[in-house]
Amino acid sequence: MSESISEHLVDRIYEAGLIPSLWPAVLGELGAATSGSGAFLFAVRDGYVSAVNSVEYDETMPIFLRDGWSERDPNLPRAIALNHAGFLTDGDLLSDEEIATNEVYRNFYRKYGLGYRAGTIIPIPSGDSIAIVVPRHQDLGPVPRQIVSFLDELRPHLARASLAASRLGFERARAQADALQALGLPGAVLRGRGQVFAANGLFDALVPSLFEDRAQRVTMTDAAADALLAEALGTSRLRDGRIIKSIPVAATADHVPMVLHVIPVTGAARDIFTQATVLLVVTPVDRAAVPTAEVLQGLFDLTPAEARVARGIGEARTVDVLAGTLGVSRETVRSQLKSVLAKTGLSRQQELVSLLAGKAFRKS
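Within each chain, residue numbers correspond to sequence positions counted from 1 in written order. Note on the predicted model: pLDDT of at least 70 is required for a residue's local features to be given, and 80 or more for side-chain atom pairs to be given and counted; whole-chain, interface and lining totals, by contrast, use all residues. Working from all heavy atoms in the structure, the side-chain values ignore hydrogens and water.

### Comments concerning the overall build of the protein chain
At step 1: Only runs of H or I of at least four residues qualify as helices and only runs of E of at least two qualify as strands under DSSP, and these elements are numbered from the N terminus. When its secondary structure is counted, the protein chain shows 16 helices and 13 strands.
At step 2: Here, residues are in contact when the closest pair of their heavy atoms is within 4.5 Å. Sequence-distant contacts, at least 24 apart, represent 55% of the contacts inside the protein chain between residues at least 6 apart.
At step 3: Methods summary: accessible areas were calculated by the Shrake-Rupley approach with a probe of 1.4 Å, and residue burial reflects only the protein chains presented. Per element, the accessible surface of the protein chain, about 17100 Å² overall, is 53% carbon and sulfur.

Set out below in structure tokens:
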């Protein structure tokens with residue numbers, strides 16, 4: 001490994017710390033500089049959570065995380081226990097017999113040409129860690145000490161880049177929450193399984209009357225709303241196939257009725273260093289008049305026809321009256337009402353009336 005290669009890698013590592021989309025290419029360069037085949041970058045929290053990888057492993061990495069291999073990998077718990085501020089090889093963590101007989105090595109690593117590796121764990125301020133792993137084909141033998149030394153020289157740069165990426169991710173999350181506050185909306189960015197990562201002042205003001213910031217996940221004092229929030233954070237769909245996007249919250253002595261929007265953070269918006277998963281947005285509803293069909297459509301992701309039915313129900317009109325007014329059959333109105341209840345997470349027509357009748361959308 002020449003000095004020029006090292007300098008180039010250092011520059012690329014810091015560049016990726018500022019531009020997360022560059023990590024796959026940088027990991028590929030890291031693997032090439034160490035006679036390996038690409039590299040991985042894992043988010044670690046009680047095990048491997050997610051990963052960024054060089055392009056060589058676009059098909060392999062989903063198998064590792066999805067099919068339980070990551071949970072059975074013996075290297076991570078051994079490396080965590082050693083707490084070594086540098087790169088470790090398979091031989092530092094396992095005996096030759098363990099490497100030869102371990103299920104993950106035999107049935108996954110060797111199958112995909114990842115028989116040996118060097119890796120390190122880097123703590124980041126969020127409380128999680130980043131694991132960087134450089135694999136090597138088993139035909140090449142164990143990772144030489146010369147390569148471990150080279151990787152150790154790069155480790156401080158990898159740690160600083162990870163710190164920068166983590167801090168920038170937090171600032172982006174806080175900026176999202178602050179932007180919602182500028183619109184008069186309580187909002188929070190969640191990470192992991194639903195822990196609050198960043199929140200604005202309006203959201204903080206709803207703690208603990210509406211929300212409780214617990215270690216496992218954010219919870220709600222409204223039991224019915226919290227059950228729906230748990231479903232939304234835990235799975236993409238309810239058992240009956242519904243997708244929870246907007247959750248009605250009943251009025252109390254402390255707050256007006258509200259609608260909680262659960263917006264998933266996906267694709268390029270998802271940052272492995274912050275692990276932001278969900279944006280929560282709270283829309284207050286005030287007493288005055290039933291929200292317009294247009295407002296209802298935006299609140300609950302309704303179709304225009306569903307929104308008209310929801311408004312009519314909120315005005316205490318019957319299915320028969322709505323059918324006549326809208327010029328459709330009773331069956332059509334009932335079907336649309338069923339869809340409205342599904343999208344709002346409610347189970348009975350009267351619950352929809354209670355939420356909407358005599359209440360108006362607060363616009364400020």
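On we go.
### Notes on unusual backbone geometry
What is expected of a backbone is that most residues other than glycine have negative phi and most peptide bonds are trans.
At step 1: Residue P208 is reached from V207 by a cis peptide bond, and omega for that bond is 10°.
At step 2: With respect to the helices and strands, P208 occurs in the loop between α10 (201-204) and β8 (211-213).
At step 3: Despite not being glycine, D46 has its phi angle at roughly 55°, a positive value.
At step 4: Of note in the backbone geometry, N83 takes a positive phi value of approximately 50° without being a glycine.
At step 5: In this fold, N83 is placed in the loop between α5 (75-82) and β3 (88-89).

### Let's talk about the layout of surface pockets
At step 1: Method remark: on a 1 Å grid restricted to protein atoms, a set of points is classed as a cavity if a 1.4 Å probe fits but cannot get out and as a pocket if it is open with protein on both sides within 12 Å along at least five of seven lines; lining residues have an atom within 4 Å of a point. Grid points are joined across faces, edges and corners, and a volume is the space filled by probe spheres set on the points. Put simply, the second largest pocket is a space of about 400 Å³.
At step 2: Counting residues per element, the ones that place at least two in the lining of the second largest pocket are β1 (40-44), α3 (60-66), α5, β3, α6 (90-93), α8 (103-109), β4 (116-123) and β5 (129-136).
At step 3: Ranked by residues supplied to the lining of the second largest pocket, first place goes to β4 with 6 residues.
At step 4: Put simply, Ala, Val, Leu, Ile, Met, Phe, Trp, Tyr, Cys and Pro go in the nonpolar bin, Asp, Glu, Lys and Arg in the charged bin, and everything else, Gly too, in the polar bin. Here the lining of the second largest pocket is built from residues that sort into 20 nonpolar, 8 polar and 4 charged.

### A look at empty space enclosed by the protein
At step 1: Applying the stated criterion across every chain, the model contains 1 cavity of 30 Å³ or more.
At step 2: Reported here for the largest cavity is a volume of approximately 30 Å³.
At step 3: Lining the largest cavity are T34, G36, A118, V134, P135, R136, V143 and I147.
At step 4: At 3 residues, the largest contribution of residues to the lining of the largest cavity is made by β5.
At step 5: Classifying every residue of the lining of the largest cavity gives 5 nonpolar, 2 polar and 1 charged.

### Remarks on the side chain of R12
At step 1: Looking at the secondary structure, you find R12 in helix α1 (residues 3-18).
At step 2: The exposure class of R12 is buried, given its relative accessible area of 15%.
At step 3: Under the rule applied, a polar contact is a pair of N or O atoms within 3.5 Å (in protein, one hydrogen donor and one hydrogen acceptor; residues adjacent in sequence only if both atoms are side-chain atoms). At a separation of 3.0 Å, a polar atom in the side chain of R12 contacts the side chain of E29.
At step 4: The residues touching R12, leaving out its near neighbours within four places in the chain, are L22, A25, V26 and E29. Categorising residues by exposure relies on relative accessible area from a 1.4 Å probe, with only protein chains included: less than 20% of the type maximum marks a residue as buried, more than 50% marks it as exposed, and the intermediate range marks it as partly exposed.

### Some words on the side chain of T89
At step 1: As for its placement among the helices and strands, T89 is situated in strand β3.
At step 2: Accessibility expressed as a relative area gives 7% for T89, which makes it buried.
At step 3: The contact partners of T89, leaving out residues within four places of it in the chain, are R117, A118, V143, R145 and V148.

Take it as geometry only, folks, not as evidence of what the structure does.
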